[in-house]
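What follows is each chain in one-letter form.
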Amino acid sequence: MNRPSVIHWMITSKCNLECPFCFSFDRKDLSTKKNIEIAGKIISFGVRKVVISGGEPLYRKDIIKIINYLKSKKLTIRLDTNGLLLAKYLDRLKNIDAVGISLDGPDPATDQSMRKNPKHFESVIKALEKLKKTQIRIFIHTLATKLNYSSLKYMSGLLENYPIKSWVIFEYCPYGLAYKNRDKFELKPGQFEKFKKMIKYKGKINFCRIKDRTKAYYFINSDGSIYTQPKKFQFDYPVFGNILIEKNPQKFFLKISQINNRKRSRIF
């Protein structure tokens, strides 16, 4: 059976930021027991890599337990976080292989214009300093919008101070709140492609377009629902089923693959 090599597990919808361009949704969060059950099903599919995100995954008190369980089954794990709590928990995150950190500007003012939290920039920098002493692969995730478009070319100098595996710059993805607020943030047609030529960065850089993302993701939401990013912009996502309820949830991953010919981009 055609199965995804990578699952993107949005393990909680709760977050310690309120970003107006968020494409997550307020779903029910499950118990530790139910999430361990989901983890077991992921493992049974033959999936070997998992991206854990949210919301903010470090908001869950049991996140270390769930990560450790996945690692005990030899999975490769990337944790995607906004970075506010990363430095605090990093010493306990021994079993992650990679971390994706949100950073949307080269300075506190630009980043705060996006993330609405005056402590976000300094929290990310503090985490990056601690990560220097580890073997964890670092991915920086940046969203290109009207608010930070002219400043992002200055991020190169900042990021070159750290052992970044890849700097990933995302085109605006209008789903969820991002769909409602697209007039404020979304770049004009063609602007993202022009923007790619502005960036001079010595390290590895990946420009992630919307059409790349609609071919790449197999999602499990915090309530166990299985979905993917639709090709048509809308407020919500099409749900194919629930991994906890269906007797054969693998069929939904196969359906997603057949419908969109999805091929996962390299994220580890």
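As shown above, the structure is provided for reference.
This structure is a prediction, so every number in the text was calculated from the model and none was measured.

**Let's talk about the nonpolar core**
Within the largest apolar cluster, 60 residues are counted, with the highest numbers of intra-cluster contacts made by Trp9, Ile42, Leu128 and Ile140. Among the elements that line this core, the one with the most residues is helix H5 (residues 120-131), at six residues. Every residue in contact with Ile42, bar those within four places of it in the chain, is listed here: Ile7, Trp9, Val47, Val50, Leu75, Ile220 and Ile243.

**Some points on the pattern of salt bridges**
For the coordinates displayed, the defined rule picks out ten salt bridges. Between Glu129 and Lys132 there is a salt bridge, and its shortest N-O distance comes to 3.5 Å. Taking the relative accessible area as the measure of exposure, Glu129 reaches 36% and is therefore partly exposed. Among the residues examined, Lys132 registers a relative accessible area of 41% and is labelled partly exposed.

**As for the packing of aromatic side chains**
A complete count under the given rule lists eight aromatic pairs for this structure. With a centroid separation of 5.5 Å and 75 degrees between ring planes, the pair formed by Phe21 and Phe185 is classed as edge-to-face. Taken as a pair, Phe21 in the loop between strand S1 (6-10) and helix H1 (32-44) and Phe185 in helix H8 (residues 182-185) lie far apart in primary sequence, 164 residues in all. According to the relative accessible area criterion, Phe21 is buried, its value standing at 6%. Under the relative-accessibility criterion, Phe185 is labelled buried at 0%. Judged by centre distance (6.2 Å) and plane angle (15 degrees), the ring pair of Tyr172 and Phe185 falls under stacked. With Tyr172 in the loop between strand S6 (164-170) and helix H7 (177-180) and Phe185 in helix H8, this pair connects stretches of sequence that are 13 residues apart. Phe185 matches Tyr172 in its accessibility class, with the two residues each being buried. Grouping aromatic residues by their ring pairs yields a cluster made of Tyr149, Phe192, Phe195 and Phe207. Between Arg78 and the ring centre of Phe139, over which it is positioned, the NZ or CZ distance is 5.5 Å.

Quick notes on the rules
- Residues numbered from 1 in each chain as written.
- Predicted model: local features only at pLDDT ≥ 70, side-chain atom pairs only at ≥ 80, totals over all residues.
- Heavy atoms only, no water.
- Core = buried A, V, L, I, M, F, W, Y, C linked by side-chain atoms within 4.5 Å.
- Buried < 20%, exposed > 50% of the residue type's maximum accessible area, 1.4 Å probe, protein only.
- Helix = DSSP H or I, 4+ residues; strand = E, 2+ residues; numbered from the N terminus.
- Contact = heavy atoms within 4.5 Å.
- Salt bridge = Lys/Arg side-chain N within 4 Å of Asp/Glu carboxyl O.
- Phe/Tyr/Trp six-rings, centres within 6.5 Å; stacked < 30°, edge-to-face > 60°.
- Lys NZ or Arg CZ within 6 Å of the ring centre and 35° of its normal.

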